[in-house]
Every structure is written in C-alpha cells, then in structure tokens.
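Results of the structural survey
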Amino acid sequence: GEDVEQSLFLSVREGDSSVINCTYTDSSSTYLYWYKQEPGAGLQLLTYIFSNMDMKQDQRLTVLLNKKDKHLSLRIADTQTGDSAIYFCAESMDSNYQLIWGAGTKLIIKP
Amino acid sequence: NAGVTQTPKFRILKIGQSMTLQCTQDMNHNYMYWYRQDPGMGLKLIYYSVGAGITDKGEVPNGYNVSRSTTEDFPLRLELAAPSQTSVYFCASSYSSFNTGELFFGEGSRLTVL
C-alpha cells in the first residue's frame, strides 16, 4: 500500500544546511508537500512541488524530487534556531481524496 | 481572522465516557478534516467533509462520528472512549480539495483516555 517514510530526528549546527529526506511508494503522486509543526502548534504548509518538477527553490528552502527513486528532500540553508520544528512530508494522488503523511522529522539545532 | 480553532486543547477522559471536540473555521472553506497524530506515525484521516451536510469516512473512522450542519463547524464526537483513542487530534480546512489545496490546521487537542 501507500507509505511515506522519514527519519524521526535530524541534528544540525546553527548556520549549517539541513537536509530532510522522505521516500514514498506511490508513483502516481501528483503533489508532494512539506509541512512544518512548531511546538504546541498545528501544521503549516512550507512548500510543495508538482510531480513533473525536479526542483523548487523558495528563499532558504530547496525541494528536490527524484521520481525514479521516489525520493523527496527539503534543504534549509543557513539553519536558524527558529527552524526547530517537526517537518512532515506528504503526498497526494489523483486516485483518491487522501493525503499520505510521513511520521515527521524533528529538526534539532545545536548552537 | 482566527483561522481554524479547536477546543478543548487538553482533555482526560475515563474509559466509556463520551465527548465532542469542537472545530470552527472562519475562512469560508468548503473542505474540513479531522486527523489523529500518534507518536512516530503520520497523520491519519478520521473523517472529512466537502461541504455543509456532507461527510465521509477517512482511513480510521471507527469509534468516531462527525456532523457538518454549517460551513464553519465540524465537531468530532467520541462515543465510549477507549485507551486506543489517546492521541492528538487536529482539525484542518482547505479551500479546494486534498490534492491541490493548502490545509490550514488548528493547534490540536490532546486527549488522554484512562
């Protein structure tokens, strides 16, 4: 069945780049999303990529999509303490009205 | 604009009790959703609604009920609470469907069933 997998934790130093990875199983995905959840808050959409794109850049965020390997990544340049959060990857398909969510990657920033 | 508002934020229930989680949005979104978030797991869809008067089951609907009498409100009812329903519950809304629409989330409701 459909599945989205992410590592549960990532630790980086302040000022370094963070790369959060996600793998998915359904090749019919149309959109892939990154949502951010700050402590005690709901999820917020960070960025998304359409399945016919390889890359999308938005200020400090770069999303890379490798459809052949079913691999999605989110790169955060110059990571700041305000980037501490849980990052969720999700995929949507045309075939049904569902978003399939990863378990989330907790980004920990070391000073 | 308050966005999506959920109440209560925290609740402890005894096994067998019932309760309603309230959700309201002021963005005039047609689509509304209830998710649960368990530790180490992705969000699971409980129920969703594509407009007032229309609801449908998601992936994990057992033990829950919903109603959608207005565009703004989408309450989630738990009947006969069980420990397996201990979770964080998120309500969300969107202007368009899952596939293309950004979801706006409430802050979550942490429910413990003892």
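The text that follows walks through the structure, step by step, so that each part is easy to find. Computed from a predicted model, the values in this text were never measured in an experiment.

**Focus: the overall build of chain A**
Along chain A, the regular secondary structure elements total zero helices and 11 strands. Going from the N terminus to the C terminus, chain A shows its helices and strands as β-β-β-β-β-β-β-β-β-β-β. Relative to its length of 111 residues, chain A is compact, with a C-alpha radius of gyration of 13 Å against a globular reference of 13 Å. Here the C-alpha coordinates of chain A stretch approximately 45 × 30 × 20 Å along the principal axes. A buried classification covers 44% of the 111 residues belonging to chain A. Separation of charge centres in chain A, based on 10 positive and 14 negative side chains, amounts to 5 Å.

**Considering the overall build of chain B**
Each helix and strand counted, chain B has zero helices and 11 strands in total. Over its C-alpha atoms, taken along the principal directions, chain B stretches across nearly 35 × 30 × 25 Å. The proportion of buried residues among the 114 residues of chain B is 48%. Across chain B, the fraction of contacts at a sequence separation of at least 24, relative to all contacts at a separation of at least 6, is 55%. Element-wise, carbon and sulfur atoms account for 51% of the exposed surface of chain B, whose accessible area totals about 5,300 Å². Positive and negative charge centroids in chain B, built from 9 and 9 side chains respectively, lie 10 Å apart.

**Some thoughts on the sheet that holds strand S3 (residues 18-24) of chain A**
Residues and elements named next belong to chain A. What the five strands build is an open sheet, ordered S1-S3-S8-S7-S6; its pairing is antiparallel. Two strands lie at the open edges of the sheet, namely strand S1 (4-6) and strand S6 (55-58), each paired on one side alone. Neighbour-to-neighbour, the strand axes of this sheet turn through a mean angle of 15 degrees, independent of strand direction. Examined bridge by bridge, S1 and S3 share three bridges and lie antiparallel to one another. When the sheet's bridge partners are listed, Glu5 is paired in S3 with Thr23.

**Side note on the nonpolar core**
Counting 21 residues, the largest nonpolar core has A:Trp34, A:Leu72, A:Leu74 and A:Tyr87 as its most contacted members. Looking at this core, the elements with two or more residues in it are S3, strand S4 (29-37), strand S7 (61-66), strand S8 (71-76), strand S9 (85-93) and strand S11 (105-110) of chain A.

**Remarks on the state of the cysteines**
Residue and element names in this part refer to chain A. Per the stated rule, a full pass over the model turns up two disulfides over all chains. Here Cys22 is linked by a disulfide to Cys89, with a sulfur-sulfur distance of 2.0 Å. For the disulfide bridge between Cys22 and Cys89, the dihedral angle about the S-S bond is near -65 degrees, and by the sign convention the bridge is left-handed. Linking Cys22 in strand S3 with Cys89 in strand S9, this pair joins segments that are 67 residues apart in sequence. Judged by its relative accessible area of 1%, Cys89 is buried.

**Quick word on the packing of aromatic side chains**
For the structure shown, the criterion picks out 14 aromatic pairs over all chains. Where A:Trp101 meets B:Tyr35, the ring centres are 5.9 Å apart and the plane angle is 80 degrees; that geometry is what we call edge-to-face. One end of the pair, A:Trp101, is in strand S10 (residues 99-101); the other, B:Tyr35, is in strand S4 (residues 31-37), on a second chain. On the basis of relative accessible area, A:Trp101 is assigned to the buried category, the value being 5%. Grouped by ring-pair contacts, the aromatic residues A:Tyr31, A:Tyr33, A:Tyr35, A:Tyr48, A:Phe50, A:Phe88, A:Trp101, B:Tyr33, B:Tyr35, B:Phe90 and B:Phe105 constitute a single cluster. Taking NZ or CZ as reference, B:Arg68 lies 6.0 Å from the ring centre of B:Phe74, over its face.

**Some remarks on the pattern of salt bridges**
Close approach of charged atoms allows side chains of opposite charge to pair. Residues and elements named next belong to chain B. Taken as a whole and judged by the stated rule, the model has seven salt bridges over all chains. Here Glu79 and Arg77 are joined by a salt bridge, their closest N and O atoms 3.0 Å apart. According to the relative accessible area criterion, Glu79 is partly exposed, its value standing at 36%. The exposure class of Arg77 is partly exposed, given its relative accessible area of 33%.

Conventions we followed
- Residues numbered from 1 in each chain as written.
- Chains lettered and ligands numbered in written order.
- Predicted model: local features only at pLDDT ≥ 70, side-chain atom pairs only at ≥ 80, totals over all residues.
- Heavy atoms only, no water.
- Helix = DSSP H or I, 4+ residues; strand = E, 2+ residues; numbered from the N terminus.
- Rg over C-alpha atoms; globule rule 2.2 N^0.38 Å.
- Buried < 20%, exposed > 50% of the residue type's maximum accessible area, 1.4 Å probe, protein only.
- Lys, Arg positive; Asp, Glu negative; His and termini not counted.
- Charge placed at Lys NZ, Arg CZ, Asp CG, Glu CD.
- Contact = heavy atoms within 4.5 Å.
- Areas by Shrake-Rupley, 256 points an atom, 1.4 Å probe, with all protein chains shown as cover.
- Pairing = 2+ DSSP bridges.
- Axes fitted to C-alpha atoms, helices over the stretch in contact; angles between N-to-C directions.
- Core = buried A, V, L, I, M, F, W, Y, C linked by side-chain atoms within 4.5 Å.
- Disulfide = S-S within 2.5 Å.
- Phe/Tyr/Trp six-rings, centres within 6.5 Å; stacked < 30°, edge-to-face > 60°.
- Lys NZ or Arg CZ within 6 Å of the ring centre and 35° of its normal.
- Salt bridge = Lys/Arg side-chain N within 4 Å of Asp/Glu carboxyl O.

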